[in-house]
Amino acid sequence: QVQLVESGGGLVQAGGSLRLSCAASGSTFSIYVIGWYRQAPGKQRALVATISSGGSTSYAESVKDRFTISGNNAKTAVYLQMNSLKPDDTAVYYCNAHNLRGDAYWGQGTQVTVSS
C-alpha cells in the first residue's frame, strides 16, 4: 500500500506560480510512476505530468513549458512547480502513483484556483 498526501494548493492570480507537494509513504519502493492529475468542474480527471522511477518525465501538452515535475530518488516526495498559471488551470490536483503490477494509489486532492 502507498499513501499519498498533497499540499500547496490555493488561490493565485493569472500569471502567478504555485508549487504542489505530494508526500508518499508506505511501500514507496514499489512505485514505478508517480505524478499529477487534475479534475476541473464538469470535466474528467486528466493527466498533468508524471515522472518514472528512472527519472523520465511526461507532460500534458497544455502545461508543457509552464509546469515542471520533480521528485526525490526515494520516491517519497514529488513536486509540481506551476508557473504562468491560467484560469484554465483551475482544478483539484491529485497525486497518483502506480506500481508495475498496475495497482494505482490516489491522494485526497488539493484545490488550485486561478483568478483572471
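Refer to the structure printed above.
Residues numbered from 1 in each chain as written. Predicted model: local features only at pLDDT ≥ 70, side-chain atom pairs only at ≥ 80, totals over all residues. Heavy atoms only, no water.

Caption draft 1: Focus on the pairing of strand β3 (residues 18-26). As paired elements, strand β1 (residues 2-7) and β3 share six bridges and run antiparallel to each other. Bridge pairing in β3 links S7 to S21. One ladder, built from six bridges, connects β3 with strand β8 (residues 77-82); its direction is antiparallel. Counted as the bridge partner of R19 is Q81 from β8. (Pairing = 2+ DSSP bridges. Helix = DSSP H or I, 4+ residues; strand = E, 2+ residues; numbered from the N terminus.)

Caption draft 2: Quick look at the pairing of β8. Pairing of strand β7 (residues 67-71) with β8, which is carried by five bridges, proceeds in the antiparallel orientation. Bridging from a neighbouring strand, T68 pairs with Q81 of β8. Hairpin connection between β7 and β8: a loop of five residues separates the two successive antiparallel strands, and K75 in this loop has a positive phi of roughly 60 degrees.

Caption draft 3: View of the environment of Y93. By secondary structure assignment, the location of Y93 is in strand β9 (residues 91-99). At a separation of 2.6 Å, a polar atom in the side chain of Y93 contacts the main-chain carbonyl oxygen of D89. (Polar contact = N/O pair within 3.5 Å; in protein donor to acceptor, adjacent residues only side chain to side chain.)

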